[in-house]
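As a plain string of letters, each chain reads:
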Amino acid sequence: MNTQALSKPFPSLGASSAAPALAPASDAPPDRLLFALRMAAWASAICVALMLALSWLTGLNVQHFEVVASPAAWSAELLAHASALRGITVIDDAFIACYLTVSLLLVHALRTRAAPGDLPHVLGPWVMGLGGLTGLLDIVENHHVLSLLHAASVGLPLSADALVSREVLSSAKWMLGHVAFVLVGVAIGFRSLPWRAFRWVLVCVQLPVGAAALALAGTPMGEWLGWCKLLNVMGGFLLLAVLPWPRASGSGAPA
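First, a word on scope: everything that follows refers to the structure included in this document. (Residues numbered from 1 in each chain as written. Predicted model: local features only at pLDDT ≥ 70, side-chain atom pairs only at ≥ 80, totals over all residues. Heavy atoms only, no water.)

Glancing now at a nonpolar patch on the surface. On the surface, Phe35, Met39, Trp42, Ile46, Leu50, Leu238, Leu239 and Val242 cluster together to form a nonpolar patch covering roughly 710 Å² of accessible area. Where the nonpolar patch is concerned, the elements lending two or more residues are α2 (31–58) and α9 (220–242). The leading source of residues in the nonpolar patch is α2, at five residues. On the secondary structure map, Leu239 appears in helix α9. (Patch = residues over 30% accessible without salt bridge, like charges linked within 9 Å, V, L, I, M, F, W, Y side chains within 5 Å. Areas by Shrake-Rupley, 256 points an atom, 1.4 Å probe, with all protein chains shown as cover. Salt bridge = Lys/Arg side-chain N within 4 Å of Asp/Glu carboxyl O. Helix = DSSP H or I, 4+ residues; strand = E, 2+ residues; numbered from the N terminus.)

In structure tokens:
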């Protein structure tokens, strides 16, 4: 046995031969996280823009499928815009995946930026939970409306109960999403002017506009507010895609 080998001391943790120490964590979320968040936000905004463009080009207003009307009126509009409705459903299903990704990454980014016990840690689970419920109701809505299109296309009558439940679930979807956006606005603690403006929009603009659009659904004002609501959603994702993240507490230095 080579006793000389055994007699050599093991290198200490502080010796130069030890593995290099990990770099200290940055105050801002990792670049990869921010990149993924921004890409998901861009994708979400693009999906909304595509759905709006398809609606305006074809004359299809998907808001009409979130409000009770006579079964005959629903059947007529479903059949008149069948192709556009199928196209918007494909885009909307992709949009759901995108905005759920944004929700998860945004909460993680805010937690990475916040001190333990700060608002992002307290409100983050609620944002993710409400976002998940919104996405689930959105998926149910898309494919319920498709099933109603299929029923109308083979001559089956639509029931009033199905249309009433459709409005209730669609309204619940929107309100859960609006509340989730409010909680995000409350959780954001950045002091730079662009972020403070974004917080103000999330807390003071998008919620009342969305609630008023639902309360006035089926009226000309409600339809106008509904378009404003969709533009708010698109604008919010665009801001998340471009806003610079501060590096230090209270600083406006971009990440």
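In this fold, Glu141 is placed in helix α5 (residues 119–153). Polar contacts involving the side chain of Glu141 include one to the side chain of Ser170, which spans 2.4 Å. The residues touching Glu141, leaving out its near neighbours within four places in the chain, are Glu66, Arg166, Ser170 and Lys173. (Polar contact = N/O pair within 3.5 Å; in protein donor to acceptor, adjacent residues only side chain to side chain. Contact = heavy atoms within 4.5 Å.)

What follows deals with helix α8 (residues 206–215). The complete set of buried residues in α8 reads Gln206, Val209, Gly210, Ala213 and Leu214. With its buried residues spanning 130° around the axis, α8 presents them on a single face. (Buried < 20%, exposed > 50% of the residue type's maximum accessible area, 1.4 Å probe, protein only. Arc of directions from axis to C-beta.)

Applying the stated criterion across every chain, the model contains nine aromatic pairs. Aromatic pair Phe95 and Phe237: ring centres 5.9 Å apart, planes at 90°, arrangement edge-to-face. With Phe95 in helix α4 (residues 82–113) and Phe237 in helix α9, this residue pair connects regions lying 142 residues apart in the sequence. Each member of the pair, Phe95 as well as Phe237, carries the same accessibility label: buried. (Phe/Tyr/Trp six-rings, centres within 6.5 Å; stacked < 30°, edge-to-face > 60°.)

What follows deals with the side chain of Thr134. Tracing the sequence through the fold places Thr134 in helix α5. Dropping the residues within four chain positions of it, Thr134 is found in contact with Tyr99, Lys173, Leu176 and Gly177.

Let us look at the packing of helix α6 (residues 160–187) against α8. Two measures define how a pair of helices packs: the angle their axes make with one another and the distance between the axes. Put simply, α6 and α8 touch, their axes get as near as 9 Å, and they point 170° apart. As the angle between them shows, α6 and α8 are arranged roughly antiparallel. Packed against α6, whose contacting residues are Ser171, Trp174, Met175, His178, Phe181 and Val182, the element α8 presents Gln206, Leu207, Gly210, Ala211 and Leu214 at the interface. Along the lines of polarity and charge, the residues of the contact of α6 with α8 split into seven nonpolar, four polar and no charged. (Axes fitted to C-alpha atoms, helices over the stretch in contact; angles between N-to-C directions. Parallel < 35°, antiparallel > 145°, perpendicular 65-115°, else oblique. Nonpolar A, V, L, I, M, F, W, Y, C, P; charged D, E, K, R; others polar.)

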